[in-house]
Amino acid sequence: MAYIMISVSEAKNLVLESAELLGIQAISLYDSTGFTLAEDIFSNIDVPSFNQSAMDGYGLKFEDLKETKSLSIIGKIPAGVFPDFKVAPNSAVRIFTGSQIPEGCDTVVVQEKVTVNSNQLFVNDEQLKKGMNIRLKGSQTKKGNLALKAGTKITPGASGFLAGLGFNEVKVFKTPKVCIINTGKELIKPGQSNEPSKVYESNSYSLNAALSEFNIKPQTIICIDDDEGTITESIKNNLSECDILIISGGVSVGDYDFVAKALDNCGVKCIFHKVKQKPGKPLYFGKINNTLIFGLPGNPAATLTCFYEYIMPAIKKMMGYNADSETKVCLPLTTSFVKKAGLTFFIKGKVVSNGVTPLNAQESYQMSSFAFADCIIQLDEDRTEYSEGDLVEVHLLKI
Ligand code: AMP
Ligand code: MG
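Computed from a prediction, not measured in an experiment: that's the story for all the values here.

1. With respect to the packing of aromatic side chains
Counting across every chain of the model gives six aromatic pairs. Measuring from ring centre to ring centre gives 6.3 Å for Y308 and F370, while their planes differ by 35 degrees; the resulting arrangement is tilted. One end of the pair, Y308, is in helix 7 (residues 300-318); the other, F370, is in the loop between strand 25 (355-358) and strand 26 (375-379), and 62 residues separate them in sequence. Residue classification places Y308 among the buried positions, given a relative accessible area of 15%. Through a chain of ring-to-ring contacts, the aromatic side chains of F272, F285, F294 and Y310 assemble into a single cluster. Taking NZ or CZ as reference, K12 lies 6.0 Å from the ring centre of Y310, over its face. Seen from the ring of Y386, R383 lies directly overhead, with NZ or CZ sitting 3.9 Å from the centre.

2. Overview of the side chain of D46
Turning to its location among the elements, D46 is positioned in the loop between strand 2 (41-42) and strand 3 (52-53). Here the side chain of D46 touches K143 through a polar contact of 2.9 Å, landing on its backbone nitrogen. With residues up to four places along the chain from it excluded, the contact list for D46 reads K137, G138, T141, K142 and K143.

3. Some thoughts on the nonpolar core
Formed by 42 residues in total, the largest nonpolar core has its most connected members in F294, F307, Y310 and I315. Of all the elements in the fold, those that place two or more residues in this core are helix 1 (8-18), strand 13 (178-183), helix 4 (203-212), strand 17 (244-248), strand 21 (291-296) and helix 7. Ranked by residues supplied to this core, first place goes to helix 7 with eleven residues. Mapped onto the domain boundaries, this core takes at least three residues apiece from domain 1 (8-22 + 176-319) and domain 4 (327-396). Among residues more than four places away in sequence, those in contact with Y310 are V8, A11, K12, V15, V275, Q277, L283 and F294. Counting 19 residues, the second largest nonpolar core, distinct from the first, contains I224, I235, L239 and C270.

4. Here's the deal with the pairing of strand 25
Two strands pair when backbone bridges link them, and strand 24 (residues 344-352) and strand 25 are joined in this way by four bridges, in the antiparallel orientation. By the bridge assignment for strand 25, G349 is matched with P358. Hairpin remark: strand 24 followed by strand 25, antiparallel, with two residues in the connecting loop.

5. Quick word on helix 5 (residues 228-239)
The end-to-end C-alpha distance of helix 5 is 16 Å, a good match for the 16 Å that twelve residues give at a rise of 1.5 Å each. By the burial criterion, the buried members of helix 5 are I231, T232, S234, I235, N238 and L239. Buried residues of helix 5, viewed axially, fall in a sector of 165 degrees; they line one side. Across helix 5 from its buried face, at more than 90 degrees, point the exposed residues E233 and K236. Regarding helix 5, its N-cap is D227, as a side-chain oxygen of that residue lies 3.2 Å from the backbone nitrogen of G229 further along.

6. Let's talk about helix 4
Turning to helix 4, its buried residues are N203, S204, S206, L207, A210 and L211. Looking down the long axis of helix 4, one finds its buried residues gathered within 165 degrees of arc, a one-sided arrangement. On the buried face of helix 4, the contacting elements are strand 13, strand 16 (220-224), strand 17, strand 21 and helix 7.

7. Considering the pattern of salt bridges
By the definition in use, this model includes ten salt bridges. Close ionic contact of E228 with K261 constitutes a salt bridge, the shortest N to O distance being 3.3 Å. Here E228 is found in helix 5, whereas its partner K261 is found in helix 6 (residues 259-265), with 33 residues between them in sequence. Judged by relative accessible area, which is 27%, E228 ranks as partly exposed. For D374, the salt bridge goes to K350, with nearest N and O atoms at 3.9 Å. In this pair, D374 sits in the loop between strand 25 and strand 26 while K350 sits in strand 24, placing the two residues 24 residues apart along the sequence. Assessed through its relative accessible area of 31%, K350 is described here as partly exposed.

8. Here we look at the pairing of strand 5 (residues 70-77)
Examined bridge by bridge, strand 5 and strand 9 (residues 120-123) share three bridges and lie antiparallel to one another. Bridging across to strand 9, S70 finds its partner in F122. Note: strand 5 against strand 6 (residues 91-95), four bridges, orientation parallel. Of the residues in strand 6, the one forming a bridge with K76 is R94.

9. Examining the site of ligand 1
In the vicinity of ligand 1 lie 15 residues, with E186, E201, S202, G250 and G298 positioned nearest. One of the side-chain N or O atoms of E201 is found 3.0 Å from a nitrogen atom in ligand 1. In the environment of ligand 1, an oxygen atom lies 2.8 Å from a nitrogen or oxygen atom belonging to the backbone of G298. Considering only residue class, the shell around ligand 1 consists of four nonpolar, nine polar and two charged.

Basis of the calculations
- Residues numbered from 1 in each chain as written.
- Chains lettered and ligands numbered in written order.
- Predicted model: local features only at pLDDT ≥ 70, side-chain atom pairs only at ≥ 80, totals over all residues.
- Heavy atoms only, no water.
- Phe/Tyr/Trp six-rings, centres within 6.5 Å; stacked < 30°, edge-to-face > 60°.
- Helix = DSSP H or I, 4+ residues; strand = E, 2+ residues; numbered from the N terminus.
- Buried < 20%, exposed > 50% of the residue type's maximum accessible area, 1.4 Å probe, protein only.
- Lys NZ or Arg CZ within 6 Å of the ring centre and 35° of its normal.
- Polar contact = N/O pair within 3.5 Å; in protein donor to acceptor, adjacent residues only side chain to side chain.
- Contact = heavy atoms within 4.5 Å.
- Core = buried A, V, L, I, M, F, W, Y, C linked by side-chain atoms within 4.5 Å.
- Domains from an automatic or database assignment.
- Pairing = 2+ DSSP bridges.
- Expected span 1.5 Å × (residues − 1).
- Arc of directions from axis to C-beta.
- Salt bridge = Lys/Arg side-chain N within 4 Å of Asp/Glu carboxyl O.
- Near = heavy atom within 4 Å.
- Nonpolar A, V, L, I, M, F, W, Y, C, P; charged D, E, K, R; others polar.

Put into structure tokens, the structure is as follows:
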């Protein structure tokens, strides 16, 4: 059955409409990088939870320095030890970064700005002000306050922040279960010796790597022949196992392109087949039950571009990413660019200090530029010419 070729924006909307938020799971904070929070997190404690020295030095009462030249050092407070004493007037205490400020002290003078003689402390710090070098209780986060909102991606920074509030487990949205089927009689696995007329199967590697940034490990990665029966059977075997089925290759109009037919054999509803874009024109998208099926054109750069442009937004929606995780920016082109009208172009690019540069090697079989691209530049369907300095939409290749 022939489908009408639709625009990129229509296709993207159809994908997003079909993607649904997945369930929630509790997970160790150590394993949660790349997941998103499924609930707002409120702090159970003040952080810091006590007034804390920010430096190695001496704790004292600022007012005392007006009265006297030297203070008696009455003790030492290592970090982690509760100071069960009060510092009397005209006294000081040896203190370290992270130590609790004892009662009777309101200021810390750094050790580089003092002289100590016979247990007497002389302060030589003209800049010293009351309260200096003390991190006040609750100055970062107050007990009961919203620490992170639902939908926040757990980055290394977020992980450290949450651990600092005492959490070792978080509730996150589940990651989708993904299966990858590569089709192509010509494909051989990397690691095997090269053979005449064969091609190394690279799409499962780029897809697997892109998925790993979301903490997703594919359930299966298989490689099969261009045979309608084999493809149909393989789709049937994997459909119920996954939330997203990615099939690479065999989705175009060649004599050996059986993927759309095989999906039809399995009862998958085709939502679109063919998009006005380059690369990736033959892109297929369908759905059965709650499983999304992407048939990606097999050319390696087309496969990965379609992943970033269509599958990644679907995954983000399924995993509850909030709007802040948008990776779209607008930058000036550093060179002019000419394209044909009628197709949206996705161009591998690199962000530089004064804008974005389209890379060489843009053909859909060429991965050499993708290897160091850090963005995809989206150029409008109807436009044919871009001049240096023209603002373009840039999709950063990060999640
Ligand atoms: P197809 O989409 O099946 O027409 O394939 C288009 C081009 O992509 C052909 O040159 C294929 O050999 C190549 N190709 C298909 N699948 C893969 C794959 N998994 N890895 C590398 N190249 C592929
Ligand atoms: Mg093929």
